[in-house]
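# Coordinates in review
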Amino acid sequence: MTNFEIEAFLAIAKEKNITAAAAKLYINQSSLSLRLKTLERELGCSLFIRNRGGHEVVLTPQGEKFLALALQHQSIIAQMLAVGREKKKLRVAAVNSINSTILPHVCELFLQDEPECELEVQDFDRTVEVCNYLEHNQLDIGFVGGNPAGRKVKVKPLFKEKIVLLTAKNSTFPTSVSRECLDTKKEVYIPWSVDFMKWHNEMFGDQDAPALLVSSLAQLRHFIKRPDMWTLVPVSTYYEFLSSHVEVEARDTLFEIPRRQVSMLLPAQGSYSQEIRRFYKRFIEYCEKNYGENDDIIFLK
């Protein structure tokens, strides 16, 4: 068993797609598949199952167990390689909606304060992935939507932000929109948090499934240009769309939408470095400056 094979396994587990994982490692698909087959042959079990009719792969029960061990292995390797190094490093991760809106600006501010610090930033689709990496010492700090429970991480709630109804500017939706105006067959849906998903199921559960389930703002930005489509997004995402000159409009709703909580995650044990404290400070300062003038965001002390 080599580090190349473990690296291949981790890439597939993260990307959930052979093609994407191969691109991430800058190798072709056949080489990646060979590494995976070699690993599975040595272990004597399958680590992934390919979904029928699609390209996504999911972990088998044995794959789930091996993932925890592989993350520990990578953590130990990183610690071994760090022996004797003096350079400071901060490993940050966030779910895509935060990584694509708030985090780039915070990273820029942080690097002005800490120009000698090596900053590593990762993007994840789900909160559970950020928790997994923190629990196995693969991250120093994470930012997610919601308040994950039952995980071996420290959760610090930061703020609650409005979720707004968004359409293309040239859409025919009224200025104030009722629930009856919204057809889920025309919805571009992102599951912002567990609480949002529960509310959405209660509000629209008797209708058809959303037309599009996407996992990134890049996909959302593309499809929301259609005049017949609609979506629900956190207000920080709406502001980012405006600054990027995306032709969208926020519309009032005649029904209440619960706010999304944004939380910072930290390792459950250990002291927190100066770099972690400074990054957190810059994160709050940026949000207060850009979203704090109205009630779009309520900061949690």
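Below is a summary of the structure that appears in this document.

Cut-off values and rules
Residues numbered from 1 in each chain as written. Predicted model: local features only at pLDDT ≥ 70, side-chain atom pairs only at ≥ 80, totals over all residues. Heavy atoms only, no water. Buried < 20%, exposed > 50% of the residue type's maximum accessible area, 1.4 Å probe, protein only. Helix = DSSP H or I, 4+ residues; strand = E, 2+ residues; numbered from the N terminus. Arc of directions from axis to C-beta. Contact = heavy atoms within 4.5 Å. Axes fitted to C-alpha atoms, helices over the stretch in contact; angles between N-to-C directions. Parallel < 35°, antiparallel > 145°, perpendicular 65-115°, else oblique. Left-handed = near helix turned anticlockwise from the far one by under 90°. Nonpolar A, V, L, I, M, F, W, Y, C, P; charged D, E, K, R; others polar. Pairing = 2+ DSSP bridges. 1 Å grid on protein atoms, 1.4 Å probe; cavity = no way out; pocket = protein on both sides within 12 Å on 5 of 7 lines; lining within 4 Å. Points joined across faces, edges and corners; volume = space filled by probe spheres on them.

Ile18, Ala21, Ala22 and Leu25 are the residues of helix α2 (residues 18-25) that are buried. An end-on view of α2 places all buried positions within 100° of arc, on one side of the element. Among the exposed residues of α2, those oriented more than 90 degrees off its buried face are Ala23 and Lys24. Buried-residue contacts for α2 involve α1 (3-15), α3 (29-43) and β1 (48-50). Immediately downstream of α2, the backbone of Tyr26 shows phi near 60°, a positive value.

For the pair helix α6 (residues 103-113) and helix α11 (residues 274-291), interaxial distance at closest approach is 9 Å and the crossing angle is 130°. Considered as vectors, α6 and α11 are oriented oblique to each other. You can see that α6 and α11 cross each other, and the crossing is right-handed. Contacts from Leu103, His105, Val106, Cys107, Leu109, Phe110 and Asp113 in α6 reach Glu275, Arg278, Phe279, Arg282, Phe283 and Tyr286 in α11. Here the residues of the contact of α6 with α11 are counted per class, giving eight nonpolar, one polar and four charged.

Turning next to the sheet that holds strand β7 (residues 163-168). Spatial strand order, β8-β12-β7-β11: four strands in an open sheet with mixed pairing. Single-partner strands in this sheet number two, and they are β8 (176-177) and β11 (230-234). Direction of pairing for β8 relative to strand β12 (residues 248-253): parallel, over a ladder of two bridges. When the sheet's bridge partners are listed, Val177 is paired in β12 with Thr253. Across the sheet, helix α10 (residues 235-243) touches β7, β11 and β12, and the angle it forms with β11 is around 110°.

So, about empty space enclosed by the protein. Enumeration over the complete set of coordinates arrives at one cavity of 30 Å³ or more. Approximately 40 Å³ is the volume found for the largest cavity. Lining of the largest cavity is provided by Ile163, Ser193, Asp195, Phe196, Pro258, Arg259 and Arg260.

Next up on the list: the pairing of strand β6 (residues 153-161). Examined bridge by bridge, β6 and strand β13 (residues 260-267) share eight bridges and lie antiparallel to one another. Bridged to Pro157 within β13 is Ser263. One ladder, built from three bridges, connects β6 with strand β14 (residues 297-299); its direction is antiparallel. Counterpart to Lys160 in the pairing with β14 is Ile298.

Don't take any of this as a statement about function, it's just geometry.
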